[in-house]
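Architecture at a glance
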Amino acid sequence: MSSTLLSRRDLAFLLHDWLDVTRLAERPRYAEHSRETFDDVLDLAARVAAEHFAPHNRAADSTEPTFDGRRVHTIPQVKAALDVFAQTGLLAASLDESIGGMQLPHVVSAACFAWFQAANVGTAAYPFLTLGNANLLLTHGSAEQIDTWVRPMVEGRFFGTMCLSEPQAGSSLADITTRAEPQDDGTYRLVGTKMWISGGDHELAENIVHLVLARIPGGPPGVKGISLFIVPKVLLDAGGALGPRNDVVLVGLNHKMGYRGTTNTLLNFGEGVHRPYGRGGAVGYLVGQPHQGLAQMFHMMNEARIGVGAGATALGYTGYLKSLAYARQRPQGRPIADKDPTAPQVPIVAHPDVRRMLLAQKSYVEGALALVLYCGQLLDEEKTAPAEADRGRAHLLLDMLTPIAKSWPSQWCLAANDLAIQVHGGYGYTRDYDVEQHWRDNRLNPIHEGTHGIQALDLLGRKATMQGGAGLALLLETIRATVARAWKTEGEAAELAGQLGAAVDRIAVVTRRLWGTGDPELALANASVYLEAVGHVVIAWMWLEQLLAVEALGSAEGAEGDFLAGKRQAARYFFRYELPRTGPQFDLLESLDRTTLDSQESWF
Ligand SMILES: Cc1cc2nc3c(=O)[nH]c(=O)nc-3n(C[C@H](O)[C@H](O)[C@H](O)COP(=O)(O)OP(=O)(O)OC[C@H]3O[C@@H](n4cnc5c(N)ncnc54)[C@H](O)[C@@H]3O)c2cc1C
């Protein structure tokens, strides 16, 4: 039976038929790999996700973690699944062999990880956070810090967190107040409160390695005075064995709408509840140089944000497949052309409006998956392309695409989950079916790792203007190259190319118009509309790319023929129903509309 988590055929299409990831195995970093090893690890991920993560997805949601004032309790299936995950070695799939990794291309490890995000995003969040933490330390930590903290994380013994947010500082990290006082022995003592910390406390691992943003007194104000610290829950002795409790205390768990299997915590650092080495204050170890904390975090932001986009995509994808399975077996009503009440009812998939909802979902989730895998491949290009110019190009394009890869799936794969509920009718509104949980889980994604509005400001305010507009120019040039390839074909891709080419031209005109005002407040007033319009053009590009890959495969019979026909139809759907949405959005932007800017607070 085919999976309702993700489509193995679609992944093979995207990775092999479209992106041709096997060519990466020609590069020294991936020389140990081949199409076979890529496929084996994908199969492993699919199997472990289905057997160990999916079965407790609902239970982890309905029996959320509790805190009895001393300890956090989670259902036992979470730890059991994470132990199996650790044994697979998948946490370190993309990491260097020298640290115990598999040295897989990022694009392949992202595809593997998507299985876990589709199966059980709450349990998958623990390794996801741990990997983000490990990656940051591998890039910015000292050799000793890597040995002490990253190795146990790679082995699955320690888990990691990211502690940025505070109760009064979420989007505006310039306003964090956690303090780190330098000590004579080179360590620091941290005092402050961190809010929303995912995986901030639990008993799923021997230790928790918090990566904490804090200010060293006397440093510059704002983001330039933020430093990064390792603050473990349990300190280690000289031999690396677990020692005294650090002064990090769980104040309480947040009770969330979704992602309920992941503990989410309010943590106090340095309250004096624990007194490591005789006094209060959370012991912390500086990572890199003082005042570089935010830059270090941002270094890893691309990867984390694409990971959020991938999670949103996976949740949308599984919702789509489940609503498709439901639509195929739910009998209801009869065709418009044949209303004979004595004839058997048809499954709802026979109704055009249900097919519309399925096509919409398919076009969103398969378009989003193409984008996050494309970005995954850019990460590989950035790291391993033989020519320096290509590495630079990949870096710039990835920088440009990151806010879109984070936000577009978070908005539209959530919309897909909404449609999956609708396909289920009243049953979709109950907790007897999975789709309502997928929607609740996915609702987080436009909020964390930079809200939708913050991504919009990043895209229009920073990325579209960086290096004198070089990032935007590169994005438009890259899309135009696809348009030019499509023109040359005899097929349907050539018909759609003109529509995409015109949309790309509008991005260029509208961006110039917005910034031509010389007034950043006016330019950025409708940044979210810009993010959404450009996002739709980028996904249309992903669909034209997929259509070209389909046309290159030629025709086929049976299931393969249906797969290719489905791809063509979803591409058509996106170009006919979705891309035209951008016309009025670009019109609004071009008119320099002031409605939001001129609204007065007292008018609401
Ligand atoms: C379940 C969950 C898990 C999380 N996990 C972590 C974690 O592990 N580690 C961590 O550090 N944080 C974590 N976060 C925090 C998350 O990153 C923040 O919630 C997010 O950055 C938004 O901050 P805020 O909640 O303070 O909202 P605010 O910053 O107060 O924003 C509220 C609204 O105002 C808008 N807004 C704010 N500033 C601007 C502006 N300048 N221009 C335009 N609009 C603006 C926002 O877009 C948003 O719509 C998590 C949050 C949740 C809910």
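Reference entry: report on the structure contained in this document. What you see is a predicted model; the values in this text were computed from it and never measured.

Thresholds applied
Residues numbered from 1 in each chain as written. Predicted model: local features only at pLDDT ≥ 70, side-chain atom pairs only at ≥ 80, totals over all residues. Heavy atoms only, no water. Helix = DSSP H or I, 4+ residues; strand = E, 2+ residues; numbered from the N terminus. Contact = heavy atoms within 4.5 Å. Phe/Tyr/Trp six-rings, centres within 6.5 Å; stacked < 30°, edge-to-face > 60°. Buried < 20%, exposed > 50% of the residue type's maximum accessible area, 1.4 Å probe, protein only. Axes fitted to C-alpha atoms, helices over the stretch in contact; angles between N-to-C directions. Parallel < 35°, antiparallel > 145°, perpendicular 65-115°, else oblique. Left-handed = near helix turned anticlockwise from the far one by under 90°. Nonpolar A, V, L, I, M, F, W, Y, C, P; charged D, E, K, R; others polar. Core = buried A, V, L, I, M, F, W, Y, C linked by side-chain atoms within 4.5 Å. Pairing = 2+ DSSP bridges. 1 Å grid on protein atoms, 1.4 Å probe; cavity = no way out; pocket = protein on both sides within 12 Å on 5 of 7 lines; lining within 4 Å. Points joined across faces, edges and corners; volume = space filled by probe spheres on them. Near = heavy atom within 4 Å. Polar contact = N/O pair within 3.5 Å; in protein donor to acceptor, adjacent residues only side chain to side chain. Areas by Shrake-Rupley, 256 points an atom, 1.4 Å probe, with all protein chains shown as cover.

1. Some remarks on the environment of Y573
The residue Y573 is located in helix α17 (residues 558-578) in this model. Each C-alpha atom of the pair Y573 and M542 lies 13 Å from the other, and the pair is 31 residues apart in sequence. With near-sequence residues (within four places) excluded, Y573 lies in contact with R356, L359, A360, S363 and E578.

2. What about the packing of aromatic side chains?
Using the criterion set out here, one finds 21 aromatic pairs in the structure. Arranged with centres 5.9 Å apart and planes meeting at 35°, the rings of F113 and F128 form a pair that is tilted. In this pair, F113 sits in helix α5 (residues 106-119) while F128 sits in helix α6 (residues 121-140), placing the two residues 15 residues apart along the sequence. Between Y326 and Y433, the aromatic rings sit 5.6 Å apart at their centres with planes inclined by 85°, giving edge-to-face as the arrangement. Residue Y326 is located in helix α8 (residues 293-329), and its partner Y433 is located in the loop between α10 (388-423) and α11 (435-442); the two are separated by 107 residues in the primary sequence. Accessibility expressed as a relative area gives 6% for Y326, which makes it buried.

3. Regarding the packing of helix α2 (residues 35-53) against helix α4 (residues 76-88)
The geometry of α2 relative to α4 is characterised by a closest axis approach of 10 Å and an angle of 165° between their N-to-C directions. The angle between α2 and α4 places the two elements in the roughly antiparallel class. Remark: the crossing between α2 and α4 carries right-handed chirality. Taking contact as the criterion, the partners of L44, V48, H52 and F53 in α2 are, on α4, A81, L82, V84, F85 and T88. Its residues assigned to classes, the contact of α2 with α4 comprises seven nonpolar, two polar and no charged.

4. A closer look at the nonpolar core
If you look at the biggest cluster of nonpolar residues, it comprises 168 residues, and the most contacted ones within it are L373, L401, L500 and Y530. Once you skip the residues sitting within four places of it in the chain, L401 turns out to touch L371, Y374, C375, L378, L475, V538 and W541. Judged by nonpolar contacts, the second largest core, of 18 residues, contains A180, A214, A282 and L286.

5. Observations regarding the pairing of strand β9 (residues 242-245)
Note: strand β8 (residues 234-236) against β9, two bridges, orientation antiparallel. Opposite V234, over in β9, you have R245 as the bridge partner. Once β8 ends, the chain turns through five residues before running back antiparallel as β9, passing G240 with a positive phi of about 90°.

6. Considerations on the environment of P446
Of note, P446 is situated in the loop between α11 and α12 (452-463). Judged by relative accessible area, P446 falls into the buried class, the value being 14%. Residues P446 and S410 lie 36 residues apart in sequence; the distance between their C-alpha atoms is 5.2 Å. Other than its neighbours up to four places away in sequence, P446 contacts K406, S410, L414, T451 and H452.

7. Some words on empty space enclosed by the protein
Inspection of every chain in the model, using the stated rule, returns eight cavities of 30 Å³ or more. Around the largest cavity, the lining residues are L82, F85, A86, L91, P127, T130, M153, G156, F158 and F159. Per element, the largest residue contribution to the lining of the largest cavity is three residues, and it comes from α4. Each residue belonging to the lining of the largest cavity can be placed in one class, and the counts come to eight nonpolar, two polar and no charged. Here the second largest cavity defines a volume of roughly 60 Å³. As for the second largest cavity, its lining consists of N57, A60, D61, N120, V121, G122, T123, Y259, R260, G261, Q437 and D441. Put simply, the parts of the chain that give the lining of the second largest cavity at least two residues each are α3 (57-62), α6 and α11. Considering only residue class, the lining of the second largest cavity consists of three nonpolar, six polar and three charged.

8. So, the pairing of strand β7 (residues 226-232)
Of all seven residues in β7, seven are buried; the element is thus mostly enclosed. Neither face of β7 is open: one carries I226, L228, I230 and P232, the other S227, F229 and V231, and all of them are buried. Judged from the seven bridges that link them, strand β6 (residues 207-215) and β7 form a sheet pairing that is antiparallel. Bridging from a neighbouring strand, V209 pairs with P232 of β7. Here β7 pairs with strand β12 (residues 282-286) via two bridges, running antiparallel. Each bridged residue has a counterpart across the sheet, and for I230 the counterpart in β12 is Y285.

9. Topic: the site of the ligand
Neighbouring the ligand are 18 residues; M162, S165, S171, W196 and T451 lie closest to it. One nitrogen or oxygen atom from the main chain of M162 is found 2.7 Å from a nitrogen atom belonging to the ligand. In the model, an oxygen atom of the ligand is placed 2.6 Å from a nitrogen or oxygen of the S171 side chain. Compared with its free state, where it exposes 960 Å², the ligand has 61% of that area covered by protein. Going through the elements one at a time, β3 (158-163), β5 (188-198) and α12 are the ones with two or more residues in the shell around the ligand. It is β5 that provides the largest number of residues to the shell around the ligand, a total of three residues.

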